[in-house]
Amino acid sequence: MAETNNPTSSQEDQITLESTPVTFAGAVTILAVTLLLLIVGSLVFDVDIAILLMLASMFTSTVYIYYYGFSWQEMLENGAIPMLSRAMGAFLILLIVGILIGTWMISGTIPYLMYIGLQVLSPSIFLVATAIILSAGALVTGTSYGAGATFGVALMGVAEGLGIPLAPTAGAVVMGAYFGDKLSPISDTTILASAIAEDDLIDHIRSMLYTTIPGYILGLGVFLVIGLQMGGGSVQSENISAILQALQQTFNLTPILLIPPLLLLGLSYLRYPTVPVLWVSIFAGVPFALFQGYGIAEIAQVMASGPEISTQVDALNELLTRGGVDFLAGVVSVLFFAYLFAGQLEYTRTFEIITSTIRDNFVGDDPGKLVFSTSITGLLTGLGTGNSYLSEIVPGIMYKDSYDNLGVSRSVLSRTLEDSGTVWVPLIPWSAAGLYFSSILGVPTLSYAPWAIMNYTGFMIAWIYAFTDTFIFDQGTMDGTISTDD
């Protein structure tokens, strides 16, 4: 057994980098074994990520207690509980977002946004329109999967009927869906990135604009060039007609249904606190749910377990039945076990030992190298696990203290977690997102990947910013100040 320092459970005697009994070799071994567990469990055995994170925390607890001499009490009180307390805000937001989505579904707000988005299409701007429609849908709903299963499936049918290449169309679907998802204040992975980095949600979204917009504009430009070569004309599609008819038959559609999302976006832009804004947006949708014929008891039930809306269009039903507290309970469980696992690694300084070594030997005092290291870690985690959550969680926990040490804004960290994590995961053929989109769109992942331009240019732009010291914001600022004197 390794020699230990007999750490105590006193809050006043916290473990430091100098006093921890964990060595660099031990830290690397612990991290390697846990990553191997997560990779094999997710890719080979398809085990739920929450269960894998629970098993990882059980493994680390066993090692720290029986090999390094920590006690269970101190691991719980000084490691897990403080970390979980910091995650309570994220837990609350996620559960409220589930209520919001369910309420907006039965109020007709989300269905109306789908309806107006499918009204006007022409071949010359079809690919551009596809990306924009998917962006708008994912922005308001907070789900790239839902937008892809509705707008994406319908628009793939249109493309096939018009003779428009399916690979670029699928790329436009994926790019648009993830652009809207990443900039949505109600997206689970957007909330997760800001929570892991312990950054303000709106500051995180504002920071994301610097890396996502250039790639998005580039993608739209490519789609526009392709579209102009196809000429004009009108689009007729049985898929879109069926969806429009189903929406009209199921909901009373009127422009006043836009009030809740406009209220959400407006209050978010004015930088009101996230939770009150979400509550206001929820209650703004209640009168419209009554207008659609739902009773108070039914609305309350939807808030808890989600809506049960059925039409004759299966792809439409998949989105319309989303929402409620239960809808995001799985995400909350993932975040819970992630923080339980991370709390132990943080208290024992396991991540700090590794990152301090990387900093001393590579990063040094260079913020650009820190951002690059964060990005590479996210890319490799996504490549190895195929999991969007882990591609944010692992690098976020590993490097967040280093950002503080160099005086770099946590908003730079949170956007790097998105650029090098969730945004690029759907381009990995064996990832859950890659398999999902290739299945629903009928296009192999590697065929649409080159056309999802924003999804892979984001981390490239992040590298350019890193090594040119551009938009590397100082800690506590999001006003365009560039960090140049760390």
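Coordinates for the structure precede this section.
Because the structure is predicted, anything quoted here is derived from the model rather than measured.

S.K.: Looking at this structure, I do not really get the overall build of the protein chain. What am I missing?
M.R.: Counting secondary structure elements, the protein chain contains 23 helices and zero strands. What you see for the protein chain is a C-alpha radius of gyration of 23 Å, in line with the 23 Å of a compact globule of 486 residues. In terms of overall dimensions, the protein chain has C-alpha extents of about 75 × 55 × 45 Å along its principal axes. In the protein chain, which comprises 486 residues, the share counted as buried stands at 58%. Considering only contacts within the protein chain whose residues lie at least 6 apart along the sequence, 77% involve residues at least 24 apart. Carbon together with sulfur atoms contributes 63% to the accessible area of the protein chain, which is approximately 18,700 Å² in total. Each charge sign in the protein chain was given a centre, from 11 positive and 36 negative side chains, and these centres are 6 Å apart.

S.K.: Explain the packing of helix α3 (residues 72-86) against helix α16 (residues 329-347) to me, please; I cannot follow it from the model alone.
M.R.: Working note: a packed helix pair is described by the angle between its axes plus the distance between those axes. Relative to each other, α3 and α16 sit at 130°, their axes nearing to 8 Å. By the angle between their directions, the pair α3 and α16 is classed as oblique. In the packing of α3 onto α16, the handedness of the crossing is right-handed. Of the residues in α16, those in contact with Glu74, Met75, Asn78, Gly79, Ala80, Met83, Leu84 and Arg86 of α3 are Phe336, Tyr339, Leu340, Ala342, Gly343, Gln344, Glu346 and Tyr347.

S.K.: Hey, could you run me through helix α23 (residues 453-468) in this one?
M.R.: Note that an α-helix has 3.6 residues per turn; residues three or four places apart therefore point the same way. Taking 1.5 Å of rise per residue, 16 residues should cover 22 Å, and α23 covers 22 Å from first to last C-alpha, within 8% of that figure. Every buried residue belonging to α23 is among Ile453, Met454, Asn455, Thr457, Gly458, Phe459, Ile461, Ala462, Tyr465 and Ala466, and all of these are buried. Just beyond α23, the residue with positive phi is Asp469, at close to 55°.

S.K.: Sorry if this is basic, but what is going on with the nonpolar core here?
M.R.: Where a protein is soluble and globular, its nonpolar side chains tend to be buried together. Ranked by internal contacts, the top residues of the largest apolar core, which has 154 residues, are Leu53 and Met175. Setting aside anything within four residues of it in sequence, one finds Leu53 in contact with Leu38, Val334, Phe337, Ala338, Phe341 and Leu390.

S.K.: Help me understand the packing of helix α1 (residues 24-43) against helix α2 (residues 49-66), please; the structure alone is not making it clear to me.
M.R.: Where α1 meets α2, the closest approach of the two axes is 10 Å, and the angle between their N-to-C directions is 155°. By the angle between their axes, α1 is roughly antiparallel relative to α2. The hand of the α1/α2 crossing is right-handed. When α1 is examined against α2, the residues Ile30, Val33, Thr34, Leu37, Leu38, Gly41 and Ser42 are found in contact with a partner set consisting of Ile49, Leu52, Leu53, Leu55, Ala56, Phe59, Thr60, Val63 and Tyr64. In terms of residue class, the contact of α1 with α2 is made up of twelve nonpolar, four polar and no charged.

S.K.: Whenever I open this one, the side chain of Ser420 confuses me. Can you help?
M.R.: Among the structural elements, Ser420 can be located in helix α20 (residues 410-422). For Ser420, a relative accessible area of 1% corresponds to the buried category. With residues near it in sequence (within four places) discarded, Ser420 still touches Ser375, Gly378, Leu379 and Phe459.

S.K.: I keep staring at helix α13 (residues 274-291) and nothing clicks. Help me out?
M.R.: Under the 1.5 Å per step criterion, the end-to-end length of α13 is 27 Å for 18 residues, consistent within 8% with the ideal 26 Å. Where α13 terminates, the next one or two residues include Gly293, which has phi positive at roughly 105°.

S.K.: I'm lost on the pattern of salt bridges in this one. Help?
M.R.: Here the idea is simple: oppositely charged side chains can pair when their charged atoms come close. Counted under the stated rule, the structure contains seven salt bridges. Of the charged contacts in the structure, one is a salt bridge between Glu418 and Lys182, with a shortest N-O distance of 3.4 Å. A residue pair is termed long-range when its members are at least 10 positions apart, and Glu418 in helix α20 and Lys182 in helix α8 (residues 166-182) qualify at 236 residues. Neither Glu418 nor Lys182 differs from the other in exposure class; each is buried. Each of Arg86, Glu198, Glu346 and Lys400 takes part in a single network of salt bridges with overlapping partners.

S.K.: Is there a simple way to think about the packing of aromatic side chains in this case?
M.R.: Ring pairs (aromatic) are described by centroid distance and by the angle formed between their planes. Counted under the stated rule, the structure contains 19 aromatic pairs. Look at Phe372 and Trp463: their rings are 5.3 Å apart centre to centre, the planes differ by 65°, and that puts the pair in the edge-to-face class. Taken together, the residues span a long stretch of sequence, with Phe372 in helix α18 (residues 367-385) and Trp463 in helix α23 at a distance of 91 residues. Here Trp463 falls in the partly exposed class, since its relative accessible area comes to 24%. Clustering of aromatic rings is evident, with ring pairs tying together Tyr64, Tyr67, Tyr68, Phe70 and Tyr347. The ring of Phe362 carries Lys369 above its face, with NZ or CZ at 5.3 Å from the centroid.

S.K.: What should I look at first to understand a nonpolar patch on the surface in this one?
M.R.: Taken together, the side chains of Leu36, Val40, Leu43, Val44, Phe45, Leu380, Leu383 and Trp430 make up a nonpolar region of the molecular surface, amounting to roughly 780 Å² of accessible area. Broken down by secondary-structure element, the contributors of at least two residues to the nonpolar patch are α1 and α18. With three residues, the top contributor of residues to the nonpolar patch is α1. Within the element layout of this structure, Leu36 appears in helix α1.

Definitions and limits used
Residues numbered from 1 in each chain as written. Predicted model: local features only at pLDDT ≥ 70, side-chain atom pairs only at ≥ 80, totals over all residues. Heavy atoms only, no water. Helix = DSSP H or I, 4+ residues; strand = E, 2+ residues; numbered from the N terminus. Rg over C-alpha atoms; globule rule 2.2 N^0.38 Å. Buried < 20%, exposed > 50% of the residue type's maximum accessible area, 1.4 Å probe, protein only. Contact = heavy atoms within 4.5 Å. Areas by Shrake-Rupley, 256 points an atom, 1.4 Å probe, with all protein chains shown as cover. Lys, Arg positive; Asp, Glu negative; His and termini not counted. Charge placed at Lys NZ, Arg CZ, Asp CG, Glu CD. Axes fitted to C-alpha atoms, helices over the stretch in contact; angles between N-to-C directions. Parallel < 35°, antiparallel > 145°, perpendicular 65-115°, else oblique. Left-handed = near helix turned anticlockwise from the far one by under 90°. Expected span 1.5 Å × (residues − 1). Core = buried A, V, L, I, M, F, W, Y, C linked by side-chain atoms within 4.5 Å. Nonpolar A, V, L, I, M, F, W, Y, C, P; charged D, E, K, R; others polar. Salt bridge = Lys/Arg side-chain N within 4 Å of Asp/Glu carboxyl O. Phe/Tyr/Trp six-rings, centres within 6.5 Å; stacked < 30°, edge-to-face > 60°. Lys NZ or Arg CZ within 6 Å of the ring centre and 35° of its normal. Patch = residues over 30% accessible without salt bridge, like charges linked within 9 Å, V, L, I, M, F, W, Y side chains within 5 Å.

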